[in-house]
Amino acid sequence: MAVPPPARPRCLLPLSLGLFQGALLLFFALFVTYDEPSAQVEDASLAASQLCGTFPLFQDIQVMVVVGLGLLLAFLPRYGLSVLTHNFLLLNFSTQWALVLQGLLHHFHHGRVHLDLRNLLAAEFAAVTVLISVGAVLGRTSPCQLLVVATCEVPIYLASEWTIVTCLGVLDVGGTITIHVFSCYFGLGVSKALFGAARRPVHPKETTTPRSDLLSLVGMLILWVFWPSFVAVLCQPGDAQHRAVLNTFLAMSASAVTTVVASSLLERDSKLSAGHLQNGCLAGGVAIGVVADMAVPPVAALALGSLSAVACVLGFKFLTPLLARKLVLQDQCGIHNLHGLPGILGAAASAVAILVASEDAS
Amino acid sequence: MAVPPPARPRCLLPLSLGLFQGALLLFFALFVTYDEPSAQVEDASLAASQLCGTFPLFQDIQVMVVVGLGLLLAFLPRYGLSVLTHNFLLLNFSTQWALVLQGLLHHFHHGRVHLDLRNLLAAEFAAVTVLISVGAVLGRTSPCQLLVVATCEVPIYLASEWTIVTCLGVLDVGGTITIHVFSCYFGLGVSKALFGAARRPVHPKETTTPRSDLLSLVGMLILWVFWPSFVAVLCQPGDAQHRAVLNTFLAMSASAVTTVVASSLLERDSKLSAGHLQNGCLAGGVAIGVVADMAVPPVAALALGSLSAVACVLGFKFLTPLLARKLVLQDQCGIHNLHGLPGILGAAASAVAILVASEDAS
Amino acid sequence: MAVPPPARPRCLLPLSLGLFQGALLLFFALFVTYDEPSAQVEDASLAASQLCGTFPLFQDIQVMVVVGLGLLLAFLPRYGLSVLTHNFLLLNFSTQWALVLQGLLHHFHHGRVHLDLRNLLAAEFAAVTVLISVGAVLGRTSPCQLLVVATCEVPIYLASEWTIVTCLGVLDVGGTITIHVFSCYFGLGVSKALFGAARRPVHPKETTTPRSDLLSLVGMLILWVFWPSFVAVLCQPGDAQHRAVLNTFLAMSASAVTTVVASSLLERDSKLSAGHLQNGCLAGGVAIGVVADMAVPPVAALALGSLSAVACVLGFKFLTPLLARKLVLQDQCGIHNLHGLPGILGAAASAVAILVASEDAS
């Protein structure tokens, strides 16, 4: 892989990973089991139809995270292979780690831990936060550092998700606040902690080429296509899920068109910036998550998608250079523009939606 | 992007797109709403199972159009990035424009417009016609020209689809006539209108490289894999849909083998032409659409797939040069060979199938 | 295509393929028909829900075989285009050939042959064995030789599958023994038969480049994501299918982490080998197939995944050079390490699982 190993004992990565894998085996042997087989025929038929409803969406999300996100981050020409590999390793490590932590939490409550597809989904969402956060320090960290970040972030994510969803009762099916906003600010904190006040000049290897931009664009398109599955997978089947799919589609379609408008207006010669496209088109999906299954009118989804695309493009143009200059904050992939700003917009939109709904009801 | 902006005010593209997006917001705010939530429990369960049946196919079609078609058209080495971007922008613009036009038609009849996944599918099919048509003028047009083409084509498509399906009562689940044949001749008309009698020499940038051929081949494979979803999505669930999937698979498999046969026989040294492969293997899918859900025997699907692959390869070898010479007709991607000839074959096959069925019945 | 045509009549490939296609048409015309339409409404609703459960998995498997496997094998820089094309041609030829042979077997028993999605799946599994086997002789054989291999392998596979599953009653939902172990040793036999004792030096074209490794890695990721669909598609819907999905996911996740551990420990400078990653991460999926739907505890899936990844990496490091030196056995893609060793591990694990289960029961 292209990233040079840091000046540490060369066996640190395999040894720590190997120890982790051994501990995982031990934990699973002691505590984890599958659900009891459904005793009654009706239950079995229900289980089959639930699997049939959830499994295709689960596979879509796997494609997004493994292939789509990996390719999206492969925009640095020399790091393509490393980025795909590190993304894949981090995903697997974080999912397993999240399964262990979830299991421990449950164990204290209910004895043995029962594993099903919903647990896997929840663990995968925890892994997604790690993958988003490390975007801020992409290509400047060793695999060991990435694993340390994952080890710290997963428990904090689980605690914060529990606080937000269970304690505060916030509705957030698409993970706008719990996943995107959280992982963005965690990632920026990691970047600040690792690089401190060191101003590092842009390395010549860090300019994109048409080929690496093409790969990254294909990654964006894969994420764009499957985003409705990501938002809808945890919704109530039926009307709410249907609405979540439609709202997400509308928001992402509006994002795509608005990104082209905003990027052409801001760039010289009306040329589109590949970086704007790769991020702006997805901003609508980030913002819509928190209101996707609510009974908002379709126009709200379109407006939210457009607004978040504008925020994302403006963020790349003005906010990222400003943060780098004033706060000496490095944000390699611009996660603040893709996950931070649209996430905050989405949270504000959900507050408005709930206020309007409660006024209507009163 | 690689396409140089034409000698027009540089803000034409963003301003017109921005205006369109604003008008869309206004239209959605005034007229569009979601279906009422299903009041009864049985309805809700029915809605959930419909979504579960349609949504995975919808996602497959999205992958085909966004990723597959984009990569298929990326066979010109320098234009890869532009082609993917323009394909994506046109798809979103045309889908939104088709939603507006469909909504207007409905509005005159039923008051408010109710949006659901079927509407999105219909709008996406309208967008597919635009994406096929612009294949004829690929890499020689500015984004603005492409948007003008889309603006004109979507209403004409909706009118022609209404005439063919609703007025004439033609059965065409896979869109062979309404989508493929229509968009092919529309695209050739656009090419003739834009370039007139100007014989443009082949630009050196317009020869493919092994790398661009590989990308295009991957695009073809994605389209090939998901084509059964495209044909089956609008079929009656159950036997008709099952038959549509099987027929499409058989036709496309026969196409693939026959393309290799035909291309090896026609090319020097028995070398396969990448262009033939990228198009011939899909010809069976174009042709089968119109008969896919009918009670035709499996051998008919195989024969139709083989015939259309032969027609497609022969078209590339003889018809395209002839049209370019005699009619000065430029067809950059060979849409006449992939969509026109197989579509006409499919239409003829459906006429035969209906004649045979009515004789059997009498 | 890059592979030079051998010193044979140049029309051999198209003529033999064309003859085959003609014979297929004749066979389908005489013997093959679709299932009778379901007469009763309840049957129709059942058929629709079966299709809705199986079709998305069928599409996933198609993506794996057509796109994922094609890209995985494209690790030789100059052969990328040929490998994708040959993989695609072989898949279609073998599927059709398997449909014919299956049909003949059924015909002798039941008169006319009824085609449905399950037949297609079974035929596709036969084709997968061919695609795995030819990995041993990748890039050193002409398309005609590959077709001869396919013609011989499909009937032997069907006979061996019938012996193992129907006669011996072995449970093997994921095809660990019937597909992976069988095709591995068949492929090694083909390699020995074709190249005999000729020691061929490694051709300079046969070293990978970062670009070809990237393509191959993307292929591996696609296979990794969709592997649970491959294993679960033939399971009983409900609990068994759910368990198969979970077990496969756990095994593959453990494989991925363990491959990184094993590869870093074995390679100089702790650098990961791209070849190890491309194969080791999939080894868990090969091994788990035979026990995936059994009531094994989750820890067994994890342990099996880890063990098979270690076996695969050790195989690449020590066994492949040993076999090449002692037995003059060429194994271009290392199919013995990816399909042979993990398959044997899986078979041993299934024997243990059944012994434990029968002891528990007694």
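Structure shown above.
Residues numbered from 1 in each chain as written. Chains lettered and ligands numbered in written order. Predicted model: local features only at pLDDT ≥ 70, side-chain atom pairs only at ≥ 80, totals over all residues. Heavy atoms only, no water.

Undergrad: Would you mind going over the overall build of chain A with me for this structure?
TA: Broken down by element type, chain A carries 11 helices and 2 strands. If you list the helices and strands of chain A from N to C, you get α-β-α-α-β-α-α-α-α-α-α-α-α. Counting only C-alpha atoms and orienting by the principal axes, one finds that chain A spans roughly 65 × 60 × 35 Å. Out of the 362 residues belonging to chain A, those deemed buried represent 61%. (Helix = DSSP H or I, 4+ residues; strand = E, 2+ residues; numbered from the N terminus. Buried < 20%, exposed > 50% of the residue type's maximum accessible area, 1.4 Å probe, protein only.)

Undergrad: Would you mind going over the relation of the copies chain B and chain A with me for this structure?
TA: Each of the two copies of the chain can be brought onto the other by a rotation about an axis and a shift along it. Superposition of chain B onto chain A requires a rotation of 120° combined with a translation of 0.0 Å along the rotation axis, giving an RMSD of 0.0 Å. Considering both components of the superposition, the chain copies are consistent with a three-fold axis. Using C-alpha coordinates, one finds that chain B approaches the rotation axis most closely at B:Pro56, a distance of 3.9 Å. Looking at chain B, a mere 6% of its interface residues are interface residues in chain A too, so the copies touch through different faces. (Least-squares fit on C-alpha atoms with pLDDT ≥ 70 in both. Contact = heavy atoms within 4.5 Å.)

Undergrad: Would you mind showing me how to read empty space enclosed by the protein here?
TA: If a probe as big as a water molecule is rolled over the atoms, it shows which places are left empty. On inspection of all chains with the given rule, the structure shows 7 cavities of 30 Å³ or more. Its volume calculated, the largest cavity comes out at about 740 Å³. Taken together, 37 residues make up the lining of the largest cavity; nearest its centre are A:Ile222, B:Val67, B:Ile222, C:Val67 and C:Ile222. Listing elements by their share of the lining of the largest cavity, those giving two or more residues are α2 (41–72) and α7 (210–232) of chain A, α2 (41–72) and α7 (210–232) of chain B together with α2 (41–72) and α7 (210–232) of chain C. Classifying every residue of the lining of the largest cavity by side-chain character gives 28 nonpolar, 3 polar and 6 charged. (1 Å grid on protein atoms, 1.4 Å probe; cavity = no way out; pocket = protein on both sides within 12 Å on 5 of 7 lines; lining within 4 Å. Points joined across faces, edges and corners; volume = space filled by probe spheres on them. Nonpolar A, V, L, I, M, F, W, Y, C, P; charged D, E, K, R; others polar.)

Undergrad: Would you explain the interface of chain B and chain A in this entry?
TA: One widely used convention gives an interface's size as the accessible area the parts lose upon coming together. Opposite the 50 residues of chain B that make contact, chain A presents 53 residues. Taken over both partners, the interface formed by chain B and chain A buries close to 4,300 Å², and the fraction arising from carbon and sulfur atoms is 78%. Where chain B packs against chain A, one counts 0 salt bridges. In this structure, the connection of chain B to chain A is made through 6 residue pairs in polar contact (both at pLDDT 80 or more). (Buried area = accessible area lost by both parts, 1.4 Å probe. Salt bridge = Lys/Arg side-chain N within 4 Å of Asp/Glu carboxyl O. Polar contact = N/O pair within 3.5 Å; in protein donor to acceptor, adjacent residues only side chain to side chain.)

Undergrad: What exactly am I supposed to notice about the nonpolar core here?
TA: Generally speaking, a soluble globular protein has its nonpolar side chains buried in company with each other. Ranked by internal contacts, the top residues of the largest apolar core, which has 366 residues, are A:Phe28, A:Trp224, B:Phe28, B:Trp224, C:Phe28 and C:Trp224. C:Trp224 has contacts with A:Gln62, A:Val66, A:Phe88, A:Asn92, C:Met252, C:Ser253, C:Ala256, C:Cys281 and C:Leu282, leaving out every residue within four places of it along the chain. (Core = buried A, V, L, I, M, F, W, Y, C linked by side-chain atoms within 4.5 Å.)

Undergrad: Is there a simple way to explain the interface of chain C and chain A in this structure?
TA: Tallying the contact residues gives 53 residues for chain C and 50 residues for chain A. Three residues, C:Leu214, C:Phe249 and C:Val257, lead the burial of chain C against chain A; their summed loss comes to 13% of the area buried on that side. Applying the counting rule to chain C against chain A returns 0 salt bridges. Applying the counting criterion to the chain C and chain A interface returns 6 residue pairs in polar contact (both at pLDDT 80 or more). Elements supplying a minimum of two residues to the side of chain C that touches chain A: α2, α7, α8 (239–266), α9 (274–288) and α10 (298–326) of chain C.

Undergrad: Hey, could you run me through the packing of aromatic side chains in this one?
TA: Aromatic ring pairs: the centre-centre distance and the angle between the two ring planes describe each pair. Scanning all chains against the criterion turns up 36 aromatic pairs over all chains. A centroid spacing of 4.9 Å and a plane angle of 85° characterise the contact between A:Trp224 and B:Phe88, whose relative ring orientation is edge-to-face. A residue pair is termed interchain when its members come from two chains, as with A:Trp224 in helix α7 and B:Phe88 in helix α3 (residues 80–110). The exposure class assigned to A:Trp224 is buried, which follows from its relative accessible area of 2%. B:Phe88 gets classed as buried once you look at its relative accessible area, which sits at 5%. (Phe/Tyr/Trp six-rings, centres within 6.5 Å; stacked < 30°, edge-to-face > 60°.)

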